[in-house]
Every structure is written in structure tokens, then in C-alpha cells.
Amino acid sequence: MNTYQQYINGEFRNADSNEQFAVINPFTEKIIAMAPKGGKHDAELALEAASVAQKEWAAKSCIERAGFLKKMAEVIRENREMLARTLAEEQAKIFPLAQVEIDATAEYFDYYAGWARKYEGEVIESDRTNENILLYRQPIGVVVGICPWNFPFFVMARKVAPSILTGCTIVLKPSSETPNTTFEFAKLVSSIGLPNGVLNFVSGGGSTLGDALVRSSQVGLVTLTGSVETGQRIIASTAENITKTSLELGGKAPVIICADCDMDMAVKAVVDSRIIFSGQVCNCAERVYVEAPVYDEFMDKVTRAMAAVAYGDPFADPAPNMSCQINSAQLTKIEGMVAKALEEGAEVLVGGSRCEDQPTGFFYKPTLLASCTQDMEIIRKEIFGPVLPVVKVTDFDEALNMANDCEFGLTSSIFTNNISKMMRAINELKFGETYVNREHFEAIQGFHAGWRKSGIGGADGKHGLYEYLQTHVAYIQY
Ligand code: NAP
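It should be emphasised that the depicted structure is a prediction, and the values quoted were computed from it without experimental measurement.

What follows deals with the side chain of Ser216. Tracing the sequence through the fold places Ser216 in the loop between α7 (206–215) and β11 (221–225). You can call Ser216 buried: its relative accessible area is 13%. When sequence neighbours within four positions are dropped, the list of residues in contact with Ser216 reads Leu47, Asn241 and Thr243.

Written out as C-alpha cells, the structure is:
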């Protein structure tokens, strides 16, 4: 069993209180590590280190800072198997998917290293003679990154990479469910020569350590990936200092299945999307609207595909399609939502219960629900589990209206070969992303940003980088 320490100002140290909390492997239900239970004082220490380091860090050339991102990518690749194993153990992600996350994280650091010579300021035309107006893009200062448990390694990079490149320093708090990969990364990064205080990792409770971090007046940007409820709390906690927030929150992604689509491709994409990482992905198919003429065909094929989903040990070879949920609270939540859907008139076609055949682990069966209607909780609230509710719609307009009738606005998708429906969906769906004839996954050069309660600001690509920069306009009369 590992015992981790916080990484503050280039040093490994216990929490100020000397307290720790246990990290559980959701598949074995055994304790696999102890992590520091940091609090207010740890937040202050880490923020102070980040504030002191920021000025000198920002004064380095961007290409020099980018060199550290390349080194981070390198150490991740050199330790791929260890990191993937740690990730799979702390959150029951199937091992091949954990490897994909580690690879994508290394690629993410490389991608942002490539921006070193690319981001630019502007020269603006003046109304006066003999005047130049220059717009600089300068680092926003100290960043606080707050991470969720579902992609702890990749989301860590989403916050660390743009911070390092732009000359910000960062204090990052992993989820209390999954601190292990972050602290393994801290050990690797401690040997690449990064100046002290540029990168700091602290662990502890969201409402204690997390709240102390986001409330501080030393912070330029708070970037959270997490639930809507935590986003709302962070907006309240940052109000006093009017601190900028970038919030990537929950989703309730609609899928529209049109009568003309390639049905086999659509069924495969929807099922893959729903069961990847046991349904615990923010942008994956959460509700399906099927045009009436193909409803029976879709239900027949999707029933067979969901029934064939294999679940089990994340390290089994060959790997199952999915493993278990992150914890018992998540399992209970899914169970409650399915029970309510049945009370409200839904029908179970596949699954619909815990997996009694698994001796350990928080398993819920891959589940398909028919006869769902727009007013049901299962269609309106995020499930975050391997449960696929389906609604039959009379026509395309009804599908669009129902898809948009939602408090979330993260991602959406449509399966069609009809160019008019495709273009109407792209223009009329009120979501940050729409996937056409493919599963739900974004590119690192895109922009992952939700509408409505799914968030403020966003991550990835050029626009994600600009979240970490603030403008400074100089008026130069000569
Ligand atoms: P969560 O419960 O909101 O926790 C996220 C992080 O916030 C954790 O590190 C948590 O700490 C911390 N936190 C909680 N309360 C806080 C407070 N008052 N101040 C500061 N920090 C606080 O979310 P989760 O259950 O880990 O993640 C699942 C959610 O994230 C889902 O809703 C999913 O859709 C969303 N998500 C969104 C995206 C996206 O890109 N839009 C990506 C991935 C996940 P503790 O762990 O110590 O409680």
C-alpha cells in the first residue's frame, strides 16, 4: 500500500494536521493507499509558494517553459504501464482504457508545448496620429485546478499544461476518490528541474481544502471540472474576490437517431458511448430520441448490443467492456434513478439491477430502458452510469425540441445521412458540441465548453489556452 505526500514548493510533505484519508479500489473494495488530508493551512502554503514562483516563471521565455511540458510528456511515456496500473486500480477503469488515458495525457502536454511559438498579441489601429495600441496576452497568475474522479490524469493535464505554458503557476487538488495518479506524477515531475512552486499538488476535502483554495485573493483563475453543485458552490466562494472561473460541469447528452441513418453504426456508437468507463463520462450518450419509423429496429438491435456488454475485473485479459462504478454512493444513486423511472412508467429491456454475480465491486448491470418520456427524471438528470433510456419521437422537430429541453448543454449527437437534418441539428442544438455520425469524444485541438448549467469557459485548443491569459492594452503616443 502506498502512502502519499503533498507536493508543495518542490518538497514532499504530510498534511499540516498529519491526517490522512484512505483511497479504495472500487473493484476489490480494499484500501490501496493513504493520502494527506490537507486543510486551510496546506492551501495557504501551496498558494504562497505558487505566488512567489509566478513572477520569475512568467519572465522565462515561452519556449523554455514549453520544454518542461515536453519533459512531462516524456516521463509519462517512460512510466506508461505503472501510471495506467495506478489509474485502473484507483477507479476501476478497464486497463486498456487506462492506457488510452495515459497516452492521451502525454499527447496533451506535447500539444500545448507546440503553442509556445504560436500564441500572439495584437496591434490595434489607433484614432490618433503617432500612436500605437498594443494588446498583450499575459498570464492570469496563480491557477487553482480542482479535478473530478472520472479522468483524474487527463483532466490534471488539461489544467497543468496551459498553466505552465502561459507562465502561470498552479495549485491542483485531485478528487478525494482518485489522488494516486496525481501523486505518482508529482514524483516523476520532481526530477525534471521545474522551479519550486510552479506546480503544487495538495489533497483533501472539497469543502475544506478545496474551498480554502478557491476563496483566496491570491488566485487569478479557478478551473473546476466536476458537478453542477460544486460549480455553484465555487461561484459563491469566488464571488468575494470576483475571481475568474472556468467550469466544466455535468451533461445530459441527447442522441438523435434519424430514420435514414446507418443503423448498425449508430447502435454500436451509442452503446460504446454509454458503457465506456461504466457510463461515468460527462459527454456520453445519456438519452436517446428515435424517429418512430425505425424505433422497433433500433430497439431490437440495441437490446442485443446492451445484453452482450461484458463486465468484470478491469485487469482481465481479454478485457471486459466495462467494470464497476466508482463507489457505493454512485451505485445507490443509479439504483434509485432506475427505480424511479420504473415507477414513472419506463420498462427494463436489459439489466435493471446490481450485478449479483460479482463477489466484490460496485457493479450495476448494463441497462436499457424503453417507454421513457420527456418528463421523467431519468431523461432530465445526469445518470453517470451504464443506463440508456430511450424515447420514441414522432418526427425530427420533436427530437430537436426534446433534446434542447434540458438544463445541461455539454454535448449532443445525431445519426443521419440527410444533409438538411444534419445542418439543422448543428444550427439548432443548443450544446457546446455536436457529434455527427460518431461517438462522443472531443479532440485536444477543439474546444470543450458547455452551455447553460454545463459550465462557463472551456478547455482545449486555442480557446482553452486563452482562459489562462489576460489581456493588457498599452497606448503608446510618440
Ligand atoms: P464533484 O463531486 O463536483 O467533485 C469535483 C471536485 O470538486 C473534487 O475534487 C471535489 O473534492 C471538489 N470539491 C467539492 N466541493 C468543493 C468546494 N466547495 N470547493 C472546492 N472544491 C470542491 O464531481 P465528481 O463527482 O468528482 O465528478 C463527476 C462530475 O464531473 C459529473 O457531474 C461529470 O459530468 C463532471 N465532469 C465534467 C467534465 C466536463 O468536461 N464537463 C469532465 C469530467 C467530469 P472532493 O473529491 O474532496 O469532494
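It is worth spelling out the site of the ligand at this point. Around the ligand there are 30 residues in total, and Cys147, Ser176, Ser227, Thr230 and Glu382 lie nearest to it. For the ligand, an oxygen atom lies 2.5 Å from a polar atom in the side chain of Ser176. Between His448 and the ligand, the recorded distance is 2.8 Å, taken from a side-chain N or O atom to an oxygen atom. Coverage of the ligand by the protein amounts to 88% of the 920 Å² it exposes when considered alone. For the shell around the ligand, the secondary-structure elements that each account for two or more residues are α7, β11 and α8 (228–238). Broken down by class, the residue content of the shell around the ligand amounts to eleven nonpolar, 13 polar and six charged. Each of domain 1 (2–249 + 453–477) and domain 2 (253–443) gives at least three residues to the shell around the ligand.

Further remarks concern the sheet that holds strand β15 (residues 347–350). Taken in spatial order, the seven strands of this open sheet run β15-β16-β17-β14-β13-β19-β20, and their pairing is mixed. The open sheet is flanked by β15 and β20 (433–436), the only strands paired with a single partner. The mean angle between the axes of side-by-side strands here comes to 25°, regardless of whether they run parallel or antiparallel. Where strand β14 (residues 287–291) meets strand β17 (residues 387–393), four bridges bridge the pair, whose relative direction is parallel. The residue of β17 that forms the bridge with Val290 is Lys392. In the packing of helix α11 (residues 328–343) onto the sheet, the strands contacted are β15, β16 (367–370) and β17, and the crossing angle to β16 comes to about 25°.

We now examine the nonpolar core. Of all hydrophobic cores here, the largest spans 72 residues; its most connected members are Met72, Phe109, Val160, Phe185 and Phe201. Split by domain, this core shows at least three residues from each of two domains, domain 1 (2–249 + 453–477) and domain 2 (253–443). Excluding anything up to four places from it in sequence, Val160 contacts Met72, Phe109, Ile170, Leu172, Leu199 and Phe201.

Parsing the chain into structural domains produces domain 1 (2–249 + 453–477) and domain 2 (253–443). Centre-to-centre, using C-alpha coordinates, domain 1 lies 31 Å away from domain 2. At the junction of the two partners, domain 1 supplies 26 residues and domain 2 supplies 31 residues. Summed over both sides, the interface of domain 1 with domain 2 buries roughly 2300 Å², with 67% coming from carbon and sulfur. If you sort the residues of domain 1 by the area they bury against domain 2, Phe27, Ile94 and Trp149 come out on top, with a joint share of 29%.

Moving on: the pattern of salt bridges. Enumeration over the complete set of coordinates arrives at 29 salt bridges. The residue Lys301 makes a salt bridge to Asp264 at a minimum N-O spacing of 3.0 Å. Of this pair, Lys301 sits in helix α10 (residues 295–307) while Asp264 sits in helix α9 (residues 263–275), placing them 37 residues apart in sequence. Looking at Lys301, the relative accessible area reads 25%, which means it is partly exposed. With a shortest N-O distance of 2.8 Å, Arg354 and Glu335 are connected by a salt bridge.

About the criteria used
- Residues numbered from 1 in each chain as written.
- Predicted model: local features only at pLDDT ≥ 70, side-chain atom pairs only at ≥ 80, totals over all residues.
- Heavy atoms only, no water.
- Helix = DSSP H or I, 4+ residues; strand = E, 2+ residues; numbered from the N terminus.
- Buried < 20%, exposed > 50% of the residue type's maximum accessible area, 1.4 Å probe, protein only.
- Contact = heavy atoms within 4.5 Å.
- Near = heavy atom within 4 Å.
- Polar contact = N/O pair within 3.5 Å; in protein donor to acceptor, adjacent residues only side chain to side chain.
- Areas by Shrake-Rupley, 256 points an atom, 1.4 Å probe, with all protein chains shown as cover.
- Nonpolar A, V, L, I, M, F, W, Y, C, P; charged D, E, K, R; others polar.
- Domains from an automatic or database assignment.
- Pairing = 2+ DSSP bridges.
- Axes fitted to C-alpha atoms, helices over the stretch in contact; angles between N-to-C directions.
- Core = buried A, V, L, I, M, F, W, Y, C linked by side-chain atoms within 4.5 Å.
- Buried area = accessible area lost by both parts, 1.4 Å probe.
- Salt bridge = Lys/Arg side-chain N within 4 Å of Asp/Glu carboxyl O.

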